[in-house]
Amino acid sequence: MPEVPGVQPLLDFLLALPAVTAYALITAGSALENIFPPVPSDTFVVLGAVLADRGSLQPLPVLLCAWIANSGGAMVVFGLARRRGRGAFETRWGRRLLRPHQFERLSRFYERHGLWAIFFARCLPVLRVVAPTFAGFTGLGWVRAMAPVVAASLLWNGLMLAGGMFASRNVDRLMELLGQVNAWLLLVAAVLIGAIIGWWIRSRRDDGASDASP
């Protein structure tokens, strides 16, 4: 099993920060993931949980900062995508990504299964950013998009907070375990992405001839 670099120096640094600064870092890290997926928002929440267990922060504000920032960031990206809408895929490069018939199928999928698709995707790396973004492009309603985003973010961040506080006395092991969990989730996401790519290839081959070139 690979060793995980110690995080105690980072914790010492965070413990020395004013509480408001630590909350701000948790907020920024949780929101930034929606723009730059490699940012590990889970890690910010777990570190916040450890700080809460050691008395530097309070659990409820940690959860609220992570939950609101993560959900809000997702809805900002959703809103920007919704504003562009179908037009984003009517350009030359947009049609390379999704042809009109593919976009129609995607829109029908979100109309029928968008709530659960977004909810489960928000618990998986990469897809947690992709799902609400494409929901915005298809024009899914604000309430139907926000409900699963908010629910999934609350559930996931709550679990991260509880797990972090429970295991805060063995931080290195906790971070290693978090890395393993995210690795498995990434594998699940990769399988789903592979299935999506397979659908993308098949659907283009099936109906591609019916689309006029731009």
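By convention here, each chain's residues receive numbers from 1 onward along its written sequence. Since the coordinates come from a predicted model, pLDDT governs what is reported: local features require at least 70, and pairs of side-chain atoms require 80 or more to be given and counted, while whole-chain, interface and lining totals use all residues. Calculation of side-chain values draws on the structure's entire complement of heavy atoms; hydrogens and water are dropped beforehand.

Our focus in this paragraph is the confidence of the model for the protein chain. pLDDT expresses how confident the predictor is about each individual residue, on a scale running from 0 to 100. Predicted confidence across the protein chain gives a mean pLDDT of 82, with 88% of residues reaching 70 or more. Here a helix means four or more residues in a row that DSSP labels H or I, a strand means two or more in a row labelled E, and each is numbered from the N terminus. Confidence, expressed as mean pLDDT per element, reaches its minimum in the protein chain at helix H5 (residues 92-97) with 72 and its maximum at helix H4 (residues 59-84) with 94. The contact rule is simple, with two residues in contact once any of their heavy atoms fall within 4.5 Å. For the stretch residues 1-5, pLDDT sits under 50, and the model shows 8 contacts to residues farther than four places along the chain or on other chains. Counted against residues more than four places away or in other chains, residues 208-214, with its pLDDT under 50, gives 9 contacts.

Let us now look at the packing of aromatic side chains. Pairing of aromatic rings covers Phe, Tyr and Trp, the last counted by its six-membered ring, and requires centre-to-centre distances within 6.5 Å; plane angles under 30 degrees mean stacked, over 60 mean edge-to-face, and any other angle means tilted. Considering all chains together, one arrives at 9 aromatic pairs under this definition. When the ring of Phe78 is compared with that of Trp142, the centres are 5.0 Å apart and the planes differ by 80°; the resulting orientation is edge-to-face. One end of the pair, Phe78, is in helix H4; the other, Trp142, is in helix H8 (residues 142-166), and 64 residues separate them in sequence. Any residue under 20% of the maximum accessible area for its type is buried, any over 50% is exposed, and the rest in between are partly exposed; the area is computed with a 1.4 Å probe on protein chains only. Since its relative accessible area comes to 0%, Phe78 is described here as buried. These aromatic residues form a ring-pair network of at least three members: Phe89, Phe103, Phe134 and Phe137.

Looking now at the pattern of salt bridges. A carboxyl oxygen of Asp or Glu within 4 Å of a side-chain nitrogen of Lys or Arg is what we treat as a salt bridge. Considering all chains together, one arrives at 4 salt bridges under this definition. Residue Arg86 pairs with Glu104 through a salt bridge whose shortest N-O separation is 2.6 Å. One end of the pair, Arg86, is in the loop between H4 and H5; the other, Glu104, is in helix H6 (residues 100-121), and 18 residues separate them in sequence. A residue is classified by how much of its surface remains accessible, and Arg86, at 36% relative accessible area, is partly exposed. A relative accessible area of 31% places Glu104 in the partly exposed class. Ionic contacts of the salt-bridge type, sharing partners, join the residues Glu33, Asp42 and Arg128 into one network.

Before going further, it helps to spend a moment on the packing of H4 against H8. Closest axis-to-axis distance for the H4/H8 pair is 9 Å, and the angle between their directions is 150°. The pairing of H4 with H8 is recorded here as roughly antiparallel in orientation. Here the hand of the crossing between H4 and H8 comes out right-handed. Listed contacts from H8 to Pro59, Val62, Leu63, Ala66, Trp67, Asn70, Ser71, Ala74, Met75, Phe78, Gly79 and Arg82 of H4 are Trp142, Ala145, Met146, Val149, Val150, Ser153, Leu154, Asn157, Gly158, Leu161 and Met165. Here the residues of the contact of H4 with H8 sort into 16 nonpolar, 6 polar and 1 charged. For helices, the fitted axis covers only the stretch in contact; all axes are lines through C-alpha atoms, and the angles between them, taken along N-to-C directions, range from 0 to 180 degrees. Reported orientations rely on four angle classes, namely roughly parallel under 35 degrees, roughly antiparallel over 145, roughly perpendicular from 65 to 115, and oblique for the rest. Handedness of a crossing is defined here by the sense of rotation of the near helix relative to the far one, left-handed for an anticlockwise turn of less than a right angle and right-handed for a clockwise turn. Any residue outside Ala, Val, Leu, Ile, Met, Phe, Trp, Tyr, Cys, Pro, Asp, Glu, Lys and Arg is labelled polar, Gly included; the first ten of those are nonpolar and the last four are charged.

Let us look at the environment of Leu185. You can see Leu185 is positioned in helix H9 (residues 171-207). When its relative accessible area of 17% is taken as the criterion, Leu185 is described as buried. Note: C-alpha distance between Leu185 and Pro125 (60 residues apart in sequence) is 6.6 Å.

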